[in-house]
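Residues per chain are reported as follows:
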Amino acid sequence: MKALHLRIGTVLVSGIVLALLAATGQEAPPATKPGDAGHDAVRAFGQGSETNHWDLGVITTDADLAPDDRLIAVTSEFQTTPHAIQIVESLEVWDFRQHNKIASSKLATYARTERGTNPVRFTADGLLLAAADSTKVHVFETASLRAMRLIEPPLLHGFRISALEPSPMGHVSIIVTRRERRTCMLFAYDLDTGDLLFDWKPPDWVCPISIAWKPDGTQIAVTATDPSIKADRLHIFSTNPWAHVRTLKGEIPGPIAFSNDHLYAVEGAASKSALFKSHLDMTVFDAQGWKRQKAISLPHRDIHDSVSFENGRLLADSGTVETDIDWLDAVRYAFATSAQITIWEGEARTIIFTSTSLPTKRPSGIRMRLSRTGRMVLFNPQNPQVFQIP
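Treat the numbers as computed from the prediction; the structure is a model and nothing was measured.

1. As for the environment of V139
By secondary structure assignment, the location of V139 is in strand β8 (residues 137–141). According to the relative accessible area criterion, V139 is buried, its value standing at 0%. Those residues in contact with V139 that sit more than four places away from it in its chain are L128, L129, R146, A147, M148, R149, I151 and L191.

Structure below.
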């Protein structure tokens, strides 16, 4: 029934979206063409086929693609005057193919010192859209951008919302909050009712870095900093009933992705050694017994910073990572100088797509993730671009 509800919801949203797009009366401009920088940067792996590319051309704080790959939602901040001490945060919904802003809504006004990361996410069926200001989550009906409810987690002074991660089933979302880098809290809320379902208050300095839902919605994996090992650990939560059920021993890389059978984790580019000719691999765990499996590696390439799993496809960033050593201060450096999209199919058995090197305005820490269909890639949510994968 849940799966049927998701399919019906997606069909309904697609119909509503088509009506909204028709109402604009605008003709979609073509995607970038051969010879354009964005177009030439991407091609199918081992084939001559091309991929479509759209650049929204706006600076945002976060972005998310709708489940049917037709719309993109973004949050952004602006100052009312150049020297204003207050920030205005807004939510916008775009048809990225037509480069047409369909709807917008003001979320909040607050002092610059209180700004957050302003995450935004569609629910898995696309019926609802959740966007956060620094302390509250605004829930909208996607079709009309009508405000449905306001969720206010019980936050102590100084806490800011840093992440939203909706369930792949139903209308439940994880909300992560933090106060500087020392104290963090995790909540699970029902977006339909506003009810608090679960909260986790880890010890000081234990803060979530990455969150991934199992595709059936029964488990959540969270990597979190852990000062006891000066690295990160993996925490597993169940959702029926809600509980913290396991903490894996040993160091675990930060960004993670969850499939039905495996959990995938990658390190940041800064983790690469400057002293040895090694490369960054993808760590793999069996999702039943939580035993480490053989790591995924690419010949002469690093896998780093981004990983996601959707609809049977696994994505990671395999862009170039360079290293350097400051011999005078005895400090080593490692940083990504470009990004590259690599996509596997069938639990990472076969590479089906690899892009050429993608230039980045911010060379280190660029994020990318698959859309829910597995056929689009949202590249750099702070300067959104969308790539359609053949």
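Anyway, onward from the coordinates.
2. Considering the pattern of salt bridges
Oppositely charged side chains are able to pair whenever their charged atoms sit close together. Under the criterion given, the structure shown has 10 salt bridges. For the salt bridge of D64 with R369, the shortest nitrogen-to-oxygen distance reads 3.1 Å. Of the two residues, D64 is situated in strand β2 (residues 62–65) and R369 in strand β27 (residues 368–370); the sequence distance between them amounts to 305 residues. Between R313 and E345 there is a salt bridge whose closest N-O contact spans 3.6 Å. Of this pair, R313 sits in strand β22 (residues 313–317) while E345 sits in strand β25 (residues 341–345), placing them 32 residues apart in sequence. Residue classification places R313 among the buried positions, given a relative accessible area of 7%.

3. What to know about the environment of G126
In this structure, G126 sits in the loop between β6 (120–122) and β7 (128–132). The buried category is assigned to G126, whose relative accessible area is 2%. The spacing of G126 and P67 is 59 residues in sequence and 5.7 Å in space, taken between C-alpha atoms.

4. Some words on a nonpolar patch on the surface
A surface patch of nonpolar side chains, about 240 Å² in accessible area, is lined by V331, Y333 and F335. By the element assignment, F335 lies in strand β24 (residues 331–336).

5. Comments concerning the state of the cysteines
Tallied over the full model, the rule gives 1 disulfide. Each sulfur of the disulfide joining C184 and C207 lies 2.0 Å from the other. Its S-S torsion of about 100° marks the bond between C184 and C207 as right-handed, since a negative value means left-handed. A residue pair is termed long-range when its members are at least 10 positions apart, and C184 in strand β12 (residues 183–190) and C207 in the loop between β13 (196–200) and β14 (208–213) qualify at 23 residues. The burial state of C184 is the same as that of C207; both residues are buried.

6. Considering the sheet that holds β22
Within the open sheet, the 4 strands sit side by side as β21-β22-β25-β26. Their pairing is antiparallel. Two strands lie at the open edges of the sheet, namely β21 (304–310) and β26 (350–354), each paired on one side alone. Strand-to-strand, the axes of this sheet are offset by a mean angle of 20°, without reference to chain direction. For β21 and β22, the ladder comprises 5 bridges, and the chain directions are antiparallel. When the sheet's bridge partners are listed, E310 is paired in β22 with R313.

7. Observations regarding the pairing of β26
If a strand is regular, its side chains alternate between the two faces of the sheet. Pairing of β25 with β26, which is carried by 4 bridges, proceeds in the antiparallel orientation. Its bridge partner lying in β26, E345 is registered against T350. Taking the residues that link successive antiparallel strands as the turn, the β25-β26 hairpin has 4 residues, and the phi of G346 there is positive, at about 70°.

8. Comments concerning the packing of aromatic side chains
Within the structure shown, the criterion is met by 9 aromatic pairs. Taking 6.3 Å as the distance between ring centres and 45° as the angle between the ring planes, the aromatic pair formed by F187 and Y189 counts as tilted. Comparing F187 with Y189, the two get one shared label, buried. Judged by centre distance (6.4 Å) and plane angle (90°), the rings of W213 and W242 are edge-to-face.

9. What to know about the confidence of the model for the chain
In the predicted model, the chain carries a mean pLDDT of 84, and 82% of its residues have values of at least 70. Ignoring residues within four places in sequence, the model shows residues 1–49, a span with pLDDT below 50, making 78 contacts including any to other chains.

10. Considering the side chain of K272
Within the element layout of this structure, K272 appears in the loop between β19 (262–265) and β20 (283–286). For K272, a relative accessible area of 11% corresponds to the buried category. Polar side-chain contacts of K272 include one of 2.8 Å to the side chain of D302. Residues contacting K272, with those up to four places away along its chain left out, are S278, H279, L280, D302, V321, T323, R332 and A334.

11. Some points on the sheet that holds β7
Strand order in the open sheet made by the 4 strands is β6-β7-β8-β9, with antiparallel pairing throughout. Bordering the open sheet on either side are β6 and β9 (146–151), each of which pairs with just one other strand. Going across the sheet, the axis of each strand differs from the next one's by a mean of 20°, ignoring polarity. Looking at chain direction, β8 and β9 are connected through 5 bridges and run antiparallel. If you follow V139 over to β9, its bridge partner there is R149.

12. Thoughts on the environment of G312
By the element assignment, G312 lies in the loop between β21 and β22. Taking the C-alpha atoms as reference points, G312 and T373, separated by 61 residues in sequence, lie 9.1 Å from one another. Among residues more than four places away in sequence, those in contact with G312 are W344, E345, G346 and E347.

Rules behind the numbers
Along each chain, the written sequence defines residue order, and numbers are assigned to residues from 1. Per-residue local features are limited, in this predicted model, to residues with pLDDT of at least 70; the limit for side-chain atom pairs, both in listing and counting, is 80 or more; totals at the level of whole chains, interfaces and linings are taken over all residues. Only heavy atoms go into the side-chain values, all of them from the structure, while hydrogens and water stay out. Here a helix means four or more residues in a row that DSSP labels H or I, a strand means two or more in a row labelled E, and each is numbered from the N terminus. A 1.4 Å probe rolled over the protein chains alone gives each residue an accessible area, and that area as a share of the maximum for its type sets the label: buried under 20%, exposed over 50%, partly exposed in between. Contacts are assigned to residue pairs with any non-hydrogen atoms lying within 4.5 Å of each other. Put simply, a salt bridge is a Lys or Arg side-chain nitrogen that is within 4 Å of an Asp or Glu carboxyl oxygen. Surface patches are defined over residues having more than 30% relative accessible area and no salt bridge, joining like charges when they lie within 9 Å and nonpolar side chains (Val, Leu, Ile, Met, Phe, Trp, Tyr) when within 5 Å. Only the protein chains shown count as covering a residue, and every accessible area follows the Shrake-Rupley method with a 1.4 Å probe. Defined by distance alone, a disulfide is two cysteine sulfur atoms within 2.5 Å. Each pair of strands is called paired provided DSSP finds at least two bridges between the two strands. Axis definition: a line fitted to C-alpha atoms, limited for helices to the stretch in contact. Angles are taken between N-to-C directions and run from 0 to 180 degrees. Pairs were defined over the aromatic rings of Phe, Tyr and Trp, the Trp ring being its six-membered one, requiring ring centres within 6.5 Å. Orientation was assigned from the angle between planes: stacked under 30 degrees, edge-to-face over 60, tilted for the rest. Per-residue confidence from the predictor is reported as pLDDT, which spans 0 to 100. N or O atoms closer than or at 3.5 Å make up a polar contact, with two conditions inside protein: a donor-capable atom paired with an acceptor-capable one, and, for residues adjacent in sequence, both atoms drawn from side chains.

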